[in-house]
Amino acid sequence: EVDALTQMVTELLELTRIESGRAPLRLQPVAVAEIVSQPVERLAPQAERAGLELRVNIPPGLPPVLADAERARQVVTNLVHNAIKFTPSGAVDVTAGRLGDEVVVAVRDTGVGIAAADLPRIFERFYKADRARSGGGTGLGLAIAKHIVQAHGGRIWVESTEGQGSTFSFTLPAVPPVITDPL
């Protein structure tokens with residue numbers, strides 16, 4: 001119980017700092033693979049223990065994103081952790097691709113999915129869908145992810161069908177290509 005309370009206090013403080021602007025972002029060009037690889041490597045043992053396949057597909061040639069790498073990794077960590085927690089069997093896929101002047105990162109699972117009635121509220125602090133309540137957690141991870149993504153000027157959303165899994169996606173701004181003047 002003490003560990004759970006400590007985690008909740010830590011996450012509440014983090015969320016409060018982000019919302020109040022007291023957690024300034026250190027934006028710099030960073031490769032998407034750098035944002036995704038560390039959280040996936042850290043969570044791979046948990047996926048393996050759960051009997052899940054954790055797959056990553058980041059195509060070569062993606063532009064870097066303008067991001068605070070540590071904060072962006074926190075978003076990936078929260079999304080992959082949830083995918084593992086709510087997927088009893090199958091796989092979790094982390095993919096990335098270009099979407100106009102943004103890069104989109106998606107975490108898709110083959111888990112329990114989210115009821116349509118819960119989707120509009122899923123990014124609210126402390127909100128837990130009924131099926132999620134048995135899985136523990138503070139109900140703050142998705143709210144934190146939302147605020148981090150929005151602080152980067154990105155968007156975050158979910159598509160889900162109950163009983164068939166979910167796909168959580170977010171965007172980060174791509175670093176514009178450097179145009180050299182031939183003169």
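Computed from a predicted model, the values in this text were never measured in an experiment.

Rules of the game
Residues numbered from 1 in each chain as written. Predicted model: local features only at pLDDT ≥ 70, side-chain atom pairs only at ≥ 80, totals over all residues. Heavy atoms only, no water. Axes fitted to C-alpha atoms, helices over the stretch in contact; angles between N-to-C directions. Helix = DSSP H or I, 4+ residues; strand = E, 2+ residues; numbered from the N terminus. Parallel < 35°, antiparallel > 145°, perpendicular 65-115°, else oblique. Left-handed = near helix turned anticlockwise from the far one by under 90°. Contact = heavy atoms within 4.5 Å. Nonpolar A, V, L, I, M, F, W, Y, C, P; charged D, E, K, R; others polar. Expected span 1.5 Å × (residues − 1). Buried < 20%, exposed > 50% of the residue type's maximum accessible area, 1.4 Å probe, protein only. Core = buried A, V, L, I, M, F, W, Y, C linked by side-chain atoms within 4.5 Å. Pairing = 2+ DSSP bridges.

Give me the lowdown on the packing of helix 2 (residues 32-49) against helix 3 (residues 69-85), citing residues and values where you can.
Interhelical geometry of helix 2 versus helix 3 gives an angle of 30° and a closest axis separation of 9 Å. In terms of axis orientation, helix 2 runs roughly parallel to helix 3. Considering only the axes of helix 2 and helix 3, their crossing is right-handed. Together, Glu34, Ile35, Val36, Gln38, Pro39, Arg42, Leu43, Gln46 and Ala47 of helix 2 and Ala72, Arg73, Val76, Thr77, Val80, His81 and Ile84 of helix 3 make up the contact between the two elements. Grouping the amino acids of the contact of helix 2 with helix 3 by side-chain chemistry returns 9 nonpolar, 4 polar and 3 charged.

Any details on helix 3? Residues and values, ideally.
Residues three or four positions apart in an α-helix share a direction because the helix packs 3.6 residues into each turn. Under the 1.5 Å per step criterion, the end-to-end length of helix 3 is 24 Å for 17 residues, consistent within 8% with the ideal 24 Å. For helix 3, the buried fraction is high: 12 of the 17 residues fall into the buried class. When we look at burial in helix 3, the residues that qualify are Ala69, Arg71, Ala72, Val75, Val76, Thr77, Asn78, Leu79, Val80, Asn82, Ala83 and Ile84.

Before we move on, can you summarise the nonpolar core with the specific residues and values?
Judged by nonpolar contacts, the single largest core of 39 residues is most densely connected at Ile35, Val65 and Phe170. Secondary-structure elements contributing two or more residues to this core are helix 2, strand 3 (65-67), helix 3, strand 4 (90-99), strand 5 (102-109), helix 4 (141-151), strand 6 (156-161) and strand 7 (165-173). In terms of residues, this core owes the most to one element, helix 3, which gives 8 residues. Each residue touching Ile35, except ones within four places of it in the same chain, is listed here: Val30, Val65, Ala67, Ala72, Arg73, Val76 and Leu172.

Any details on the pairing of strand 4? Residues and values, ideally.
Summarising the sheet, strand 2 (residues 52-57) and strand 4 pair through 6 bridges and their orientation is parallel. Across the sheet, residue Val56 finds its bridge partner in strand 4, namely Val94. Summarising the sheet, strand 4 and strand 5 pair through 8 bridges and their orientation is antiparallel. The residue of strand 5 that forms the bridge with Arg98 is Val103. Linking two consecutive strands that pair antiparallel, namely strand 4 and strand 5, is a turn of 2 residues; a positive phi of about 65° is found at Gly100 within it.

Keep in mind these numbers describe shape, not what the thing actually does.
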